Amino acid sequence: MMKKNTIFSLLIIWAVFTAGVVNAQTVTGTITDAGGALPGVSVVEKGTSNGTVSDFSGEYSIEVSGSDAVLVYSYVGYQTFEAEVAGKERIDVTLQEDVAMLDELVVVGYKSQKESTITGAISSVDIDQLESRRVSEVTQALQGQVAGVNITQSTGAPGDEVEVRIRGNGTIGNNNPLYIIDGIPSREISFLNPADIQSMTVLKDAAAASIYGSRAAGGVIVIKTKEGQQGGQFKVDYFGGIQKVINLPTMLNTQQYMQTVEQAWDNAGYEGTNPYTEDIGRSDFADVDYLDELFELGKTHSLNVGVSGGNEKTSYMLSGGYFGQDGTVVYDNDKFRKLNLRTNISSQVLERIKVGANVQMSYNTQDRISSKGDAPGIIRHAFLRPPNIPVRKDPSDPTYSEEDPFTDLPFYQGPNSYESGKYEYSQNPIALAYFTDDETSTFKTFGNVFGEYDILKDKSLKFKTNFGADLNFFHSKAFNRNFGDDDGNSAAIDQGLGRQNRPSSLSEARGQDFTITWNNSLHFDKEFDEHSISALLGTEFIMNESANLSASRLRYDFTDPNFRYIDFGGTDRDLWNGGLAQEWALFSYFGSATYVYGDRYMLTANLRADASSRFAEENKWGYFPSVSAGWMITEEEFMEDTDWLSELKLRGSWGQLGNQEIPNYAYLTLYRRDADRYLISRYGNPDLKWETTTQANIGVDFGLYKNRLYGSADYFKKNTSDILLPISLPQFVGDVSPTYLNAGEVENSGFEFALSYRNYDNPVGISVSANMATLKNEVKSLHPNLPYLNGRVTRTQPGEPLNAYYGFVQEGIYQNQAEVNEHLSGTANPPQKPGDIKFKDLDGNGIINDNDRDFIGNPNPKLTYGMNLNLDYKAFDFSMLLQGVEDVDRYNDLKKIIDYDTRPFNYSDRVLGAWDGEGSTNTIPRVSFSDNGSSKVSDIFVEDASYLRLKNVELGYSIDADKLSGLGNIRLYVSGQNLITFTDYSGLDPESTDLIDMGTYPQSLTVLFGVNARF
């Protein structure tokens, strides 16, 4: 009996299965809109989780359960469409734009807002453009995309920071923007995976950003991460490629170098026989191109995988990513690795209740290298090292060892005796790269859980609560291994050790940083005939706690990696340690209201009140209001017959923002212990209060021919007052740290323009966009007791830009002694000689001194711009990004030290055109081991760092799903970055964040190959 039941059950299962096979069928088709093919459209069999998405050509293929199935086509910004299969094997669909839905795409302060009702200066980022940038960090992909947003990659070293400036530097302190990620604030977004970004909105003016009041003075970037979609999708994205440093200056070879140092010795006026003349043609000299020895091909790999799905009520997404980059410096001690894992789920659990969660984890490691010319200056020393010194010692050299084969002090002559005085004032950059061991790692968990409750049945009143956590663990470890030659100079305990990193040392630090955010808000949205009201009320609480421990130790007998720990160092006297913990908190009330009449007139008001623990009780609260208005002219009756003008909107706004980015407890007096005494280490300032930025903006948005041509223009004025300044006290007060005061005012103003065009009616679809922004930066005032702030090569002073370059002005080159005597008539026995730099005598007294210094450059770019081009033809697509800045200066200290220094460093081939007699040149001074005037900070080293860069080019080819036998949609592409740079800057890279370029790790030409697959 059991056997019969088993057979019967199997027959039933087989019948059901075969019935499904018989009834199942495959439906294919093409999805388009008015402009052409639509990729990424969700196609779901209604009532099931069975689904797919259209490929890059708008094609789709789906196997449905039977001929009575119904397909649902949905895409953000378009009306959802349903089609009955009814036995059809091909269904082509044209989706219609949903204007109402398009209006909901812009995510602003704590809510979404209809694009047509926005009255502030807001820019939505084209995510398609971001996806064509193959980078590790989101901010890199923003470069050149938004008018008024200047993105600068500080160096080309893997993992180095990226600087973001929205409408310029407005303060002497922290100018970084605030990032809002899924409703949770953060000061950095390097941990985000660019592949996880769904939308980005830049809030540029005070009216748009004031809802975030306290920390929004630098602007706000609102980010929404990707969510799941109905049906299901599995995606894999991979790219890999190589990087190469290009456009390096040409350095002198050994023959040229010896002739140049010979001349420098003669020009210095030394007596006796020229030692370099005797050395010309020596057989033990090398001929090394240290730049060629230092740089090699770099490598990049990136892999992103993701799965998403869901139904009408619940959606989910799970994604993971890996990015790895080996830099272009030899020995791979400049690596960067980044791992990301992210999950997202949201569900409409009841008709009025929606809950969800976003959690992402990231782990990255960076092998740090001296990428800015800072110590030990690997790249800087590759320029300085004379070419006649070999990279490695000959094995027959008595100082040779397999553990340290590199030449340090050159030309060994016996114990502790080298010919180093003539040639060696630098370090071997190849050895520095080999022995560098400096790694930092960060583990971050960032996420939020939220709940939404529709209080009213019509969903006009909603309550939302959002709780977020940001947990960071960091670890840094640097081992400085002893190497090099024994120069005989050391403490008794370290005799016999090499002169580099003497003695070996280890520095290590660990810490954690934890921030929680909890915001609660009431949202009201209602339309009454021609009236529309949107209002928001809320509170937010933010608390941060951080702690760290650090230790360092000297003298390691064993340098194997297994012994590079604190316990294996020297005696207790060689040990230092420290630790610190601190906290801060912020509590806020905020409100916003928008009124729209007849889709024509708009008025928005915001107010935020913040209480910060960084200020004393009486100054704890700051209040940040804003108001903005708009007029949609094209909705007026008198514009009804103007068909060519799709949209014309005028906007105006005013508002205030705050800044509290100062050290914790700055208002308190701090003490330190000195034996049995307690001394003041910093005087507090209980009167410290909020720094405030007041901004006004007027703008216009316009669209022509059904918005195929769309643009915007804005003018803004941003004034920052009560700037939080650290002021050093007079020496007689004692050895104390600077005290923070509210002092100073800075003003930024400028114009911003954006224009885009889109047309897919022809066989070749085209989309092009361009943006441009001007900026004027001026310091209006400082503290009454502080007429200016001096830096090494800069001065910040009222009437001038922030950090303006300040020094002497070159007038030419002294051609003869008579010109020297005439120009320096007020100077007794002037030391200057023919061939030296001639500086302007601004006060006309015949003496060159500090009174003859002037402002000689502006590091703040006056013009930034970008242009994107996208073309589509059949299965091919092409994209290109141009990006640049104009009218910006940079102090090229590397140029100073390799072409003008008085020590026998190597030179670039520019020095071959140096002055060598009357009338030879009036720009480059004589080479000399005595000062030729180059020791002064002057405009000789301030260069125009304007550039235009072909930042990105990508060519792709999409393979239809039909050709892949149902495997999915595949796109293959090749991408190039930093292909061409047009600039007059003689440094390694005009794109730099440093005021002084000491030899920056350059950005590289990159070629990548990749594949996008969707299943």
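What counts, and where the lines are drawn
Here, residues in each chain are numbered from 1, in the same order as that chain's written sequence. Given that this is a predicted model, residues contribute local features only at a pLDDT of at least 70 and side-chain atom pairs are listed and counted only at 80 or more, while totals for whole chains, interfaces and linings are drawn from all residues. In computing side-chain values, all of the structure's heavy atoms are included and hydrogens and water are not. For the purposes of this entry, the term helix denotes a DSSP run of H or I that reaches at least four residues, the term strand denotes a run of E that reaches at least two, and both are numbered from the N terminus. Exposure is judged per residue with a 1.4 Å probe applied to protein chains only, and the accessible area is read against the type maximum: over 50% gives exposed, under 20% gives buried, and values in between give partly exposed. Contacts: residue pairs with any heavy atoms within 4.5 Å of one another. Residue exposure ignores everything except the shown protein chains as possible cover, and the areas themselves are Shrake-Rupley values with a 1.4 Å probe. When charges are counted, Lys and Arg are positive and Asp and Glu negative, with His and the chain ends excluded. The atom standing in for a charge is NZ when the residue is Lys, CZ when it is Arg, CG when it is Asp and CD when it is Glu. For cavity detection a 1 Å grid was placed over the protein atoms alone, and a set of points counts as a cavity when a 1.4 Å probe fits there but cannot get out; an open set counts as a pocket when protein lies on both sides within 12 Å along at least five of seven lines, with lining residues being those that have an atom within 4 Å of a point. Grid points are joined across faces, edges and corners, and a volume is the space filled by probe spheres set on the points. Each residue is assigned to one of three groups, with Ala, Val, Leu, Ile, Met, Phe, Trp, Tyr, Cys and Pro labelled nonpolar, Asp, Glu, Lys and Arg labelled charged, and all others, Gly among them, labelled polar. An expected span of 1.5 Å times one less than the residue number is assigned to each helix. Polar contact criterion, stated in full: a pair of N or O atoms within 3.5 Å, where within protein one must be able to donate a hydrogen and the other to accept it, and residues adjacent in sequence count only if both atoms are side-chain atoms. The rule for pairing is simple: two strands pair if DSSP sees at least two bridges between them. For every element, the axis is a line fit to its C-alpha atoms; helices are fit only across the contacting stretch, and the angle between N-to-C directions ranges from 0 to 180 degrees. Within a predicted model, pLDDT stands for the predictor's per-residue confidence, ranging from 0 to 100. Residue types Ala, Val, Leu, Ile, Met, Phe, Trp, Tyr and Cys, when buried and joined through side-chain atoms within 4.5 Å, form a set referred to as a nonpolar core. Patch definition: residues above 30% relative accessible area lacking any salt bridge, with like charges linked at up to 9 Å and the nonpolar side chains Val, Leu, Ile, Met, Phe, Trp and Tyr linked at up to 5 Å. Take a side-chain nitrogen of Lys or Arg and a carboxyl oxygen of Asp or Glu: if they are within 4 Å of each other, that pair is a salt bridge. Aromatic pairs are defined between Phe, Tyr and Trp rings, using the six-membered ring for Trp, whenever the two ring centres lie within 6.5 Å; interplanar angles under 30 degrees are classed as stacked, those over 60 as edge-to-face, and all others as tilted. Two conditions define a charge located above a ring, namely a distance within 6 Å from the ring centre to NZ of Lys or CZ of Arg, and an angle within 35 degrees of the ring normal.

*Asks:* Please provide a residue-by-residue account of the overall build of the protein chain, values included.
*Replies:* A count of helices and strands for the protein chain gives 13 helices and 55 strands. Classification of the 1015 residues of the protein chain by burial places 52% in the buried group. Nonlocal contacts in the protein chain, meaning residues at least 24 apart in sequence, comprise 69% of its contacts between residues at least 6 apart. Carbon and sulfur atoms form 54% of the exposed surface of the protein chain, whose accessible area is close to 45,100 Å². Charge-centre separation for the protein chain: the mean point of 87 positive side chains lies 4 Å from the mean point of 137 negative side chains.

*Asks:* So, empty space enclosed by the protein: which residues are in play, and what are the values?
*Replies:* Taken as a whole, this structure holds nine cavities of 30 Å³ or more when the rule is applied. In this structure, the largest cavity encloses a volume near 170 Å³. Lining the largest cavity are 15 residues; nearest its centre among them are Gln-113, Ala-207, Ala-208, Thr-604 and Asn-606. When residues of the lining of the largest cavity are traced back to their parent elements, those giving at least two are strand S10 (111–113), helix H5 (206–209) and strand S30 (601–612). For the lining of the largest cavity, a count of residues per class yields six nonpolar, eight polar and one charged. Space inside the second largest cavity adds up to approximately 110 Å³.

*Asks:* Could you give me a rundown of helix H6 (residues 254–267), with the residues and numbers involved?
*Replies:* Because an α-helix completes one turn every 3.6 residues, residues spaced three or four positions apart along the sequence face the same direction. If you check H6, its first and last C-alpha atoms are 20 Å apart, about what 14 residues at 1.5 Å a residue would give, namely 20 Å. Residues of H6 that are buried include every one of Thr-254, Tyr-257, Met-258, Thr-260, Val-261, Glu-262, Ala-264 and Trp-265, and no others. Tucked into the core, H6 has its buried residues touching helix H7 (275–279) and helix H10 (420–423). A distance of 3.2 Å separates the backbone nitrogen of Gln-255 from a side-chain oxygen at the start of H6, and that oxygen is part of Asn-253. Looking at the residues trailing H6, positive phi occurs at Gly-269, about 80 degrees.

*Asks:* Kindly report on the sheet that holds strand S4 (residues 51–53), identifying the contributing residues and their values.
*Replies:* Read from one edge to the other, the open sheet built from four strands follows the order S4-S3-S6-S7, with strand pairing classed as antiparallel. In this open sheet, the two strands that pair with only one neighbour each are S4 and strand S7 (81–84). Geometrically, the sheet is characterised by an average inter-axis angle of 20 degrees between neighbouring strands, direction not taken into account. Here four bridges tie strand S6 (residues 70–74) to S7, and the two strands are oriented antiparallel to one another. What sits directly across from Tyr-73, in S7, is Phe-81.

*Asks:* So what about unusual backbone geometry? Which residues, and what values?
*Replies:* For the peptide bond that leads from Arg-502 to Pro-503, omega is -5 degrees, which places it in the cis range. Topologically, Pro-503 is positioned in the loop between strand S26 (461–480) and strand S27 (505–528). Positioned with a positive phi, Tyr-331 is a non-glycine residue whose angle comes to about 75 degrees. With respect to the helices and strands, Tyr-331 occurs in the loop between strand S20 (314–326) and strand S21 (335–350). Even without a glycine there, the phi angle at Asp-332 is positive, about 55 degrees. Among the secondary structure elements, Asp-332 is positioned in the loop between S20 and S21.

*Asks:* Give me the lowdown on the side chain of Glu-991, citing residues and values where you can.
*Replies:* For Glu-991, the position within the fold is in the loop between strand S53 (969–983) and strand S54 (996–997). According to the relative accessible area criterion, Glu-991 is buried, its value standing at 1%. Of the polar contacts made by the side chain of Glu-991, one reaches the side chain of Tyr-947; its length is 3.5 Å. Within the structure, the side chain of Glu-991 is placed 3.0 Å from the side chain of Arg-949, a separation counted as a polar contact. Not counting the four nearest positions on each side in its chain, Glu-991 is found in contact with Gln-143, Ile-151, Thr-152, Gln-153, Ser-154, Gln-883, Tyr-947, Arg-949, Lys-951 and Gln-1003.

*Asks:* Any details on the sheet that holds strand S50 (residues 889–892)? Residues and values, ideally.
*Replies:* Pairing is mixed across the open sheet formed by three strands, whose spatial order is S51-S50-S54. The open sheet is flanked by strand S51 (942–944) and S54, the only strands paired with a single partner. Pairing analysis gives two bridges linking S50 to S54, with the strands arranged parallel. Bridging from a neighbouring strand, Asn-892 pairs with Asp-997 of S54.

*Asks:* Tell me what's going on with the pairing of S20, and back it up with residues and numbers.
*Replies:* In this structure, strand S19 (residues 298–310) lies alongside S20, joined through 12 bridges in antiparallel fashion. Within S20, the position partnered with Leu-303 by the bridge is Tyr-322. Between S19 and S20, which pair antiparallel and follow one another directly, the connecting turn spans three residues. Pairing geometry for S20 and S21, over 13 bridges, is antiparallel. Residue pairing in the sheet places Gly-321 in a bridge with Asn-340 of S21.

*Asks:* Would you mind going over the confidence of the model for the protein chain in detail, with residue names and values included?
*Replies:* On average, residues of the protein chain score 89 in pLDDT, and 95% of them reach the 70 mark or higher. Every residue in residues 1–22 scores below 50 in pLDDT, and together they form one contact with partners more than four places removed in sequence or on other chains.

*Asks:* Lay out the nonpolar core with the relevant residues and their values.
*Replies:* In terms of nonpolar packing, the biggest core is built from 48 residues, with Leu-294, Phe-383, Tyr-423, Tyr-907 and Phe-929 touching the most fellow members. Counting residues per element, the ones that place at least two in this core are H6, helix H8 (290–294), helix H9 (378–384), helix H11 (429–435) and helix H13 (893–899). For Leu-294, the residues in contact, after removing those within four places along its chain, are Thr-328, Val-329, Val-330, Ile-378, Ile-379, Ala-382, Pro-429, Ile-430 and Ala-433. Val-146, Tyr-179, Met-200 and Ile-223 belong to the second-largest nonpolar core, a separate cluster that totals 25 residues.

*Asks:* So what about a negative patch on the surface? Which residues, and what values?
*Replies:* Taken together, the side chains of Asp-287, Asp-289, Asp-292 and Glu-293 define an acidic patch exposed on the protein surface. Of note, Asp-287 is situated in the loop between H7 and H8.

*Asks:* Please provide a residue-by-residue account of the pairing of strand S1 (residues 25–33), values included.
*Replies:* One face of the sheet, then the other: side chains in a regular strand alternate in exactly this way. With seven of nine residues buried, S1 lies mostly within the body of the structure. Relative to strand S5 (residues 59–64), S1 is paired through six bridges, and the arrangement is antiparallel. Opposite Val-27, over in S5, you have Ile-62 as the bridge partner. Of the pairings in the sheet, the one linking S1 to strand S8 (residues 93–94) comprises two bridges and is parallel in character. Paired with Ile-31 across the strands is Val-93, a residue of S8.

*Asks:* Residues and numbers for the packing of aromatic side chains, please.
*Replies:* Throughout the structure, instances matching the rule amount to 37 aromatic pairs. Summarising the aromatic geometry, the rings of Phe-323 and Phe-336 are spaced 6.5 Å apart at their centres and angled 55 degrees between planes, so their arrangement reads as tilted. In this pair, Phe-323 is assigned in strand S20 and Phe-336 in strand S21, connecting sequence segments 13 residues apart. Here the two residues Phe-323 and Phe-336 agree in accessibility, since each one is buried. Cation over ring: Lys-464 sits above Phe-450, and NZ or CZ is 5.3 Å from the ring centre.

*Asks:* Give me the environment of Ile-211: which residues, what numbers.
*Replies:* Note on placement: Ile-211 falls in the loop between H5 and strand S17 (220–225). Judged by its relative accessible area of 3%, Ile-211 falls in the buried class. Dropping the residues within four chain positions of it, Ile-211 is found in contact with Gly-109, Tyr-110, Leu-536, Phe-590, Gly-591, Ser-592, Asn-606 and Arg-608.

*Asks:* Give me the pattern of salt bridges: which residues, what numbers.
*Replies:* Tallied over the full model, the rule gives 62 salt bridges. Among the ionic pairs, Asp-237 bridges to Arg-1014, the shortest N-O distance being 2.8 Å. Here the residue Asp-237 occupies a position in strand S18 (residues 231–244), and Arg-1014 occupies one in strand S55 (residues 1005–1014), the gap between them amounting to 777 residues. Assessed through its relative accessible area of 13%, Asp-237 is described here as buried.

*Asks:* Can you break down the environment of Gln-500 residue by residue, with the values?
*Replies:* Of note, Gln-500 is situated in the loop between S26 and S27. Taking the C-alpha atoms as reference points, Gln-500 and Gly-484, separated by 16 residues in sequence, lie 5.5 Å from one another. Leave out the neighbours within four places in its chain, and Gln-500 touches Asp-408, Gln-427, Arg-481, Asn-482, Phe-483 and Gly-484. Within the structure, the side chain of Gln-500 is placed 3.2 Å from the side chain of Asp-408, a separation counted as a polar contact.

*Asks:* Requested: an account of the environment of Ser-123, with residues and values cited.
*Replies:* The topology assignment puts Ser-123 in strand S11 (residues 122–124). Distance from Ser-123 to Ser-283, taken between C-alpha atoms, is 65 Å for residues 160 residues apart in sequence. Setting aside residues no more than four positions away along its own chain, Ser-123 makes contact with Val-146, Met-200, Thr-201, Val-202 and Lys-204. At 3.3 Å, the side chain of Ser-123 forms a polar contact with the side chain of Lys-204.

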